[in-house]
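Summary of the model geometry
Here are the chains, one letter per residue:
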Amino acid sequence: MNIRHFLTLKDLSPQELKQLIARAQELKAMHRRREIYEPLKNRVLGMIFEKSSTRTRVSFEAGMIQFGGGAIFLSPRDTQLGRGEPIEDTSRVLSGMVDAVMIRTFDHAAVERFAEYSSIPVINGLTDDHHPCQLLADMQTYAELRGDIQGKIACWVGDGNNMCHSYIEAAELLDFTLHIACPEGYEPSAELLAQAGDRVKVFYDAKAAVAGSHLVSTDVWASMGQEEEARQRKAAFAAFQVTPALMDLADKDALFLHCLPAHRGEEISEDMIDDPRADVFVQAANRLHAQKALLEFLLT
Ligand code: CP
Ligand code: NVA
C-alpha cells in the first residue's frame, strides 16, 4: 500500500480536498449528535511539537480519542530529538511504534526528510513554509457558512508567510482568486506565486486588495521564530490592519477568518473578532473535524 503524507495542501488532489471538506462536515454533524464512531480504535498518533500550539495539539489529540485511539505528545525538550538524535532515526523508530506522526517544526525540509524515512503517514502541523491543516479548517468553514468558494475572491492581508502559502495552494486546488495584500519585502514565495499563475495577485494596498472579496483572512505579523523581528514588522505592517471599516470594502456577505492566536491592536483592530462578519471560533472548532477527516483518509 502506498503511504500518503500530508506535508502541503497540494498533497491532495482537488477532488480529494473537496471530499475531505464534505467529510469534515459529516463528522461534525455526527459529533454533534454524540454518535460514537471509532474507525481508529487502538491506533496511535505521535505528535512532535518543536513550536507552541493550542489548537493543533488539542484538535489532533481530541480527534484521536474520539476516534477510539490515542495520541502521544512529544516535545524536543524531553525526547532525544532535542539532544541531537537524527530525524532519520527518529522517523524509523516511530514508524515501528505508532500509526501516524504529526510534526510542527521550523524548517519545512525537516518534515520532508522525516517523511522520506517514514513508513507511516506524516502530517505537517505547521512549518515555516506551510500550514495545510489550518487550510482544511478554513475551507471547511467557508463551505459551511457561505457555500462553494469556487470562482470567489479571497483576500489574504498581511505577511506572505506559511498561512499565505497554504492559501495560495488552496486557491489552485479549489479554483478561487486570491488577492494578497502585504508590504514590500514581505511577499510570499516567488516560486509558489509563479505556480499559481494569474489567479493569485499581490497588492501593496490593503484597500485595493480587499475590495469585492468574499473571504478576508489574516494572521500575526511576526510568526513563531520571528520574535526578534516583531518591532520592525509592527512598523512595516501598520497599514495592513484588518478593521470593520476595511471589511466594509469587501463583498456585503464577506466572511472574516483568522487562524489564531490573534494580536488585537496589531493585525486586527480590537473590535474585529466580535464583528458579525468574523467567525473565528467556528473556524477554530473546525480544526477538530477537518483533521478527523484527514486522519480517517490517511489511516483507513
Ligand atoms: N492556528 C493554529 O495552528 O493554532 P495553534 O498554534 O494554537 O495550534
Ligand atoms: N503564521 C503563524 C501561524 C500560527 C498558527 C506562525 O507560524 O506562528
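See above for the structure.
Here's what I pulled together on the structure shown here. What you are looking at is a predicted structure, and each value in this text was computed from that prediction instead of being measured.

A few words now on a negative patch on the surface. Among the surface-exposed residues, D107, E112, E116 and D129 lie close enough to one another that they form a single negatively charged patch. Secondary-structure assignment places D129 in the loop between β4 (122-124) and α5 (132-146). Looking at D129, the relative accessible area reads 33%, which means it is partly exposed.

The next point concerns the pairing of strand β3 (residues 100-104). Each regular strand shows side chains that alternate between the opposite faces of the sheet. By the criterion of burial, β3 is predominantly enclosed, with five of the five residues buried. Inspection of the sheet shows strand β1 (residues 44-49) paired to β3 by five bridges, in the parallel sense. Across the sheet, F49 pairs through a bridge with R104, a residue of β3. Pairing geometry for β3 and β4, over three bridges, is parallel. Opposite M102, over in β4, you have I123 as the bridge partner.

A word on the sheet that holds β3. Pairing in this open sheet of four strands is parallel, and the strands run β2-β1-β3-β4 from one edge to the other. Both outer strands of the open sheet, β2 (70-74) and β4, are each paired with one neighbouring strand and no more. Neighbouring strand axes in the sheet, compared pairwise and without regard to direction, differ in orientation by 20° on average. Across the face of the sheet, helix α4 (residues 108-116) comes into contact with β1, β3 and β4 while running at roughly 170° to β4.

In total, this model carries zero disulfides according to the counting rule given. Left without a disulfide partner, C155 is nearest to the cysteine sulfur of C164, which lies 9.8 Å away. Note on C155: relative accessible area 1%, which makes it buried. Of the cysteine sulfurs around C259, a residue in no disulfide, the closest is that of C164, at 12 Å. In this structure C259 comes out as buried when scored by relative accessible area, which is 6%.

Rules of the game
Residues numbered from 1 in each chain as written. Chains lettered and ligands numbered in written order. Predicted model: local features only at pLDDT ≥ 70, side-chain atom pairs only at ≥ 80, totals over all residues. Heavy atoms only, no water. Patch = residues over 30% accessible without salt bridge, like charges linked within 9 Å, V, L, I, M, F, W, Y side chains within 5 Å. Areas by Shrake-Rupley, 256 points an atom, 1.4 Å probe, with all protein chains shown as cover. Salt bridge = Lys/Arg side-chain N within 4 Å of Asp/Glu carboxyl O. Lys, Arg positive; Asp, Glu negative; His and termini not counted. Charge placed at Lys NZ, Arg CZ, Asp CG, Glu CD. Helix = DSSP H or I, 4+ residues; strand = E, 2+ residues; numbered from the N terminus. Buried < 20%, exposed > 50% of the residue type's maximum accessible area, 1.4 Å probe, protein only. Pairing = 2+ DSSP bridges. Axes fitted to C-alpha atoms, helices over the stretch in contact; angles between N-to-C directions. Contact = heavy atoms within 4.5 Å. Disulfide = S-S within 2.5 Å.

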